[in-house]
Amino acid sequence: SLDAGTTILSLEEFSLEKISRECVLQQKDKLDESGISYKIYKNCRRDTIQADPKAISQVINHLLSNAIKFSPEKSHIDLDIVKAELDLYNKHSKKILAVAALKFSIKDYGKGVIAEDCERIFDNFEQGGDQQVGLSNGSGLGLAICKKIIEKHQGKIWAENHSEGGALFSFILPFEQPFYTKI
């Protein structure tokens with residue numbers, strides 16, 4: 001399990017855009033039921049990363065499912081993939097290394113996340129406050145698992161509210177896993 005820290009990633013090179021499109025197709029019924037449209041923006045030439053495609057699909061599916069759940073009917077969801085840079089700490093050299101990375105974001109136009117909850121919602125058994133679209137009926141483990149998956153890939157994940165209203169969940173992953181070890 002991820003909690004035990006024994007999960008071994010099955011690293012492959014794959015397209016983040018392709019995985020995103022597959023996740024949208026898996027959620028198509030929910031999108032159609034709610035009349036929610038979506039758009040995937042890829043603002044970079046290279047969108048391939050070295051990661052575990054099943055694990056990254058799990059993260060994207062969870063973020064997408066949440067975006068659908070907390071979006072008003074007939075609204076819109078944006079998925080965005082851009083080139084970025086990520087600072088990684090190398091335990092061996094004790095130096096911070098800036099590496100090329102991809103940033104994935106999913107933006108909805110719901111009520112957003114309560115500001116104090118933006119970090120807390122990634123903790124086990126935590127959920128956003130009831131000022132959102134009603135109390136969530138989930139276990140509060142989904143985002144905690146997403147955080148563990150992204151951190152196991154030497155990435156970062158966070159939540160914020162965007163200026164147009166609604167939540168913006170993002171993660172950043174290095175193109176390659178320079179110091180991956182079984183943790």
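**Looking at the environment of Leu9**
Item 1. Turning to its location among the elements, Leu9 is positioned in the segment before β1 (12-15).
Item 2. What makes Leu9 buried here is its relative accessible area of 10%.

**Structural notes on unusual backbone geometry**
Item 1. At Lys94, a residue that is not glycine, the phi angle is positive and equals roughly 55 degrees.
Item 2. Residue position: Lys94 is located in the loop between β4 (76-90) and β5 (95-107).
Item 3. Overall, the relative accessible area of 63% leaves Lys94 in the exposed class.
Item 4. Unusually for a residue other than glycine, Gln154 sits at a positive phi of about 65 degrees.
Item 5. When you line up the elements, Gln154 lands in the loop between α5 (142-152) and β6 (156-161).

**Looking at the pairing of β6**
Item 1. When β6 meets strand β7 (residues 167-174), the two strands line up antiparallel, connected through 6 bridges. Bridging from a neighbouring strand, Asn161 pairs with Ala167 of β7.
Item 2. If you look at the hairpin formed by β6 and β7, you'll find 5 residues sitting between the two strands, and Gly165 has a positive phi there, around 90 degrees.

**Looking at the nonpolar core**
In globular proteins that are soluble, nonpolar side chains generally tend to be buried together.
Item 1. Membership of the largest hydrophobic core comes to 40 residues, with the highest contact counts inside it found for Ile56, Ile77, Ile106, Phe169 and Phe171.
Item 2. Taken together, the elements giving at least two residues each to this core come down to α1 (16-26), β3 (48-51), α3 (53-69), β4, β5, α5, β6 and β7.
Item 3. Top contributing element to this core by residue count: α3, with 8 residues.
Item 4. Discounting residues that sit within four places of it in the chain, Ile56 has contacts with Phe14, Leu16, Ala51, Ile149, Ile150, His153, Phe171 and Leu173.
Item 5. If you look at the next biggest cluster of nonpolar residues, it comprises 5 residues, including Leu86, Leu88, Ala101 and Ile172.

**So, the sheet that holds β7**
Item 1. Spatially, the 5 strands line up as an open sheet ordered β2-β4-β5-β7-β6, and their pairing is mixed. Every interior strand has two partners, whereas the edge strands, β2 (37-43) and β6, have only one. Going from strand to strand, the sheet's axes swing by 25 degrees on average, the running direction of each strand aside.
Item 2. Both β2 and β4 contribute to a ladder of 7 bridges, which runs parallel. The residue of β4 that forms the bridge with Ile40 is Leu79.

**Some points on α5**
Item 1. Turning to α5, its buried residues are Leu143, Ala144, Cys146, Ile149, Ile150 and Lys152.
Item 2. As for α5, its buried residues are in contact with α3, β6 and β7.
Item 3. Looking at the residues trailing α5, positive phi occurs at Gln154, about 65 degrees.

What counts, and where the lines are drawn
- Residue positions are counted from 1 within each chain, in the order its sequence is given.
- For this predicted model, a pLDDT threshold of at least 70 governs which residues receive local features, and a threshold of 80 or more governs which side-chain atom pairs are given and counted, while totals over whole chains, interfaces and linings are taken from all residues.
- For the side-chain quantities, the full set of heavy atoms in the structure was used; hydrogens and water were omitted.
- Helix and strand assignments follow DSSP, with helices taken as H or I runs no shorter than four residues and strands as E runs no shorter than two, numbered in order from the N terminus.
- Only protein chains enter the area calculation, which uses a 1.4 Å probe; residues under 20% of their type maximum are buried, those over 50% are exposed, and those in between are partly exposed.
- Two strands form a pair only when DSSP identifies at least two bridges running between them.
- Joining through side-chain atoms within 4.5 Å is the link that ties buried Ala, Val, Leu, Ile, Met, Phe, Trp, Tyr and Cys residues into a set, and such a set is a nonpolar core.
- Contacts were defined at the residue level, with two residues in contact if any of their heavy atoms lie within 4.5 Å.
- For helices, the fitted axis covers only the stretch in contact; all axes are lines through C-alpha atoms, and the angles between them, taken along N-to-C directions, range from 0 to 180 degrees.

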